Amino acid sequence: MSVLKEAFDAGKFAVTAEMAPPKGADFSEQLEVAQLLKGKVHGINVTDMQSACLKASSIGLCAALKAQGLNPIIQMTGRDRSRMAIMGDMLSAYALGIDTMLALTGDHTTVGDCKESKPVFDLDSVGILNMLSQMEETGLDCGGNEITGTVPKFYKGACVTPVYEPQIMQIAKLKKKVDAGAEYIQTQGIFDVESFKRFMDAVDKANINVHIMAGIIPLKAAGMAKFMNANVPGIDVPDWMIERLAAAAAEGKEKDIKGLPAKAGIEMAAEMISQIKEEGLCDGVHIMAIGAEKNVPIILEKAGIEI
Amino acid sequence: MIFTEKKPIDELLSMIGDKRKVVLVGCGSCATSCKTGGEEEIAELTAILGEHGIEVLGSVIPDESCQKMLVKKEIKALRDLGAECVISMACGNGAQTVAQNTDLPVYPANNTMYLAQVERIGIFNEMCRMCGNCEIGHTAGICPITKCAKSLVNGPCGGQKNGKCEVNPENDCAWILIYNKMKEQGREDEFINQLNPDKGYAKYSYPRSDNLKKKAEEVAE
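Residue numbers restart at each chain and count upward from 1, following the sequence in its written direction. To label them, take the chains in the order written and letter them from A, then take the ligands in the order written and number them from 1. Two thresholds apply to this predicted model, a pLDDT of at least 70 for residue-level local features and 80 or more for giving and counting side-chain atom pairs, whereas whole-chain, interface and lining totals are computed over all residues.

## Thoughts on the overall build of chain A
- The way it works is that DSSP assigns letters per residue, a run of H or I at least four long becomes a helix, a run of E at least two long becomes a strand, and they are numbered from the N terminus. Within chain A one finds 11 helices and 8 strands.
- Note that the radius of gyration is over C-alpha atoms, with the globule rule given as 2.2 Å times the number of residues to the power 0.38. In terms of overall dimensions, chain A is globule-like: its C-alpha atoms have a radius of gyration of 19 Å, near the 19 Å expected for 307 residues.
- Each principal axis of the C-alpha distribution contributes one length, and for chain A these read about 65 × 45 × 40 Å.
- Restricting to contacts in chain A with at least 6 residues of sequence separation, those with at least 24 account for 78%. It is the C-beta atoms, placed from the backbone, that decide contacts: two residues are in contact if theirs lie within 7 Å.

## With respect to the sheet that holds strand β2 (residues 43-46) of chain A
Residue and element names in this part refer to chain A.
- When DSSP finds at least two bridges between two strands, those strands are taken to pair. The 8 strands are arranged β1-β2-β3-β4-β5-β6-β7-β8 in a closed barrel whose pairing can be described as parallel. Averaged over all pairs of adjacent strands, the angle between strand axes in this sheet comes to 30°, irrespective of strand direction.
- Across 4 bridges, strand β1 (residues 14-19) lies against strand β8 (residues 284-287) in parallel orientation. Bridging across to β8, A14 finds its partner in G284.
- Angles here are taken between N-to-C directions and fall from 0 to 180 degrees, while the axes themselves are lines fitted to C-alpha atoms, restricted in helices to the stretch in contact. Helix α3 (residues 58-67) contacts β2 and β3 (72-77) of the sheet and is inclined by roughly 170° relative to β3.

## Details of the packing of helix α8 (residues 222-231) of chain A against helix α9 (residues 239-255) of chain A
Residues and elements named next belong to chain A.
- Where α8 contacts α9, the two axes come as close as 8 Å, and the packing angle between them is 150°. Viewed along their axes, α8 and α9 adopt a mutual orientation that is roughly antiparallel. Between α8, through A222, A225 and K226, and α9, the contact on the second element is made entirely by M241, I242, L245, A246 and A249.
- Per-class residue counts for the contact of α8 with α9 are 7 nonpolar, no polar and 1 charged. Oblique is the label for any angle not under 35 degrees, not over 145, and not in the 65 to 115 range, which are roughly parallel, roughly antiparallel and roughly perpendicular in turn. Polarity classes work like this: nonpolar for Ala, Val, Leu, Ile, Met, Phe, Trp, Tyr, Cys and Pro, charged for Asp, Glu, Lys and Arg, and polar for all others, with Gly in that last group.

## Quick notes on the domain arrangement of chain B
- Segmentation of chain B into domains returns domain 1 (2-114) and domain 2 (133-194).
- Domain segmentation is taken from an automatic or database assignment of domains. Taking only C-alpha atoms, the centre of domain 1 of chain B and the centre of domain 2 of chain B are 39 Å apart.

## Things to note about the sheet that holds strand β1 (residues 2-6) of chain B
All names here are of chain B.
- In space, the 3 strands of this open sheet follow the order β1-β6-β7, with antiparallel pairing throughout. The open sheet has two free edges, formed respectively by β1 and β7 (123-126), since each of these has just one partner strand. Strand-to-strand twist across the sheet, computed as the mean angle between neighbouring axes with direction ignored, equals 65°.

## Some remarks on helix α3 (residues 39-51) of chain B
Residue and element names in this part refer to chain B.
- Here α3 spans 19 Å end to end across 13 residues, near enough to the 18 Å set by a 1.5 Å rise per residue.
- Here the buried face of α3 lies against β2 (21-25) and β3 (55-60).
- The positive-phi residue at the C-terminal boundary of α3 is G53, with phi of around 75°. What a helix should span is 1.5 Å times the count of its residues minus one.

Okay, structure coming up:
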């Protein structure tokens, strides 16, 4: 049974960490970092070529993590796969012991690093969830044919972007995802707790009943924050955070100490997680450390989170 | 109409290879409108080919290069001129129709881009991808299959910024357009509550052919 589901069912504050497979065939670095996360998170969420940049597939690293006794969550996008390919991969994933998934539409190939690749988008996030839910209910595949043996039942999740204008469109789509079978939702990285609260109010008003995990991106530098503000839709890092990162950089330069901005980023992430938990704003957090997954245990320790 | 654009001349010359005598077939319809296969463009290509030592022995512009019987008739005028190949200045549909009517090699001068709306002279927009299953009844007359870069049927992705698409910031987010239009029409609740069935692509399989006479006979039976 899904460890993430168990955590929610037991009323725990759930924690997952994101991890990207390498652009290559050697998982040793990822597996080494994953060991640091053992016992610290309820799942390791393995990306499916995020930002449409080519990486080893999610299912491969998930299987490798599973073999090491970790709890992988498979991300599945519709960008590179038809409905047949998605269902086939999900059957294989289940056979490999992967029981938790995250359905995403996927970034478009034109924003990635393999621009000649043909975008598929046979199903969007809602379509992927619907297809898997229908399989669970009927025991039939995407063509209406019977599946032999055990019919997989995944603990299914999806994403939402809280900073979005008009917000009603994200709420409407969130409702569709939940109706289609999503039982947990992770958000795009949030940086402003007040605007997150407004989003959670809107979710409540729409009578959407689902476990929500706030997306946490530990910032590494002021430049990174500015870049994300300018280029990543749904990301809105407030000025005071950028100033704190810049001040840390200035201090580091003065005292000749390296890594102060990243340290400030870790502190701010920990402060936010601890505020979210203390105020009971949502049911958990999803940490997207973007290559710095080794910092996740430090962030959790600073936030006082034990699973 | 079908929007076409000219291939780079080097690509065309490379296809022609060492042949030195050619004939040109334009198109009086779409390719004339988008300035890739009308009288002017035939004169222009004739001059360019001449500079490369390639002689244009003759040309025709059928009213529509995709009308098989019409092309068959018009192309006869070029048959006995001694050309080594034919250059089609129509869409891929027209070029193939020409190819079905000659034993000579046919080379396309154009790339075929999309089914286009003519906004006004010289301004074209892609509106329909001919998916075989029209969606616009529940999307306020705006096609999400064409106007959304991901052909999403259940609302927007998280990638729009200020109403513009992340794939091409010059394009409007189709789902923002759909929402705004439905709101204008008093259909906001319909937008929020609609659950669209997954888009099926069985009717998208190609190549497709239709015989209206046969269809009418089947209906009559």
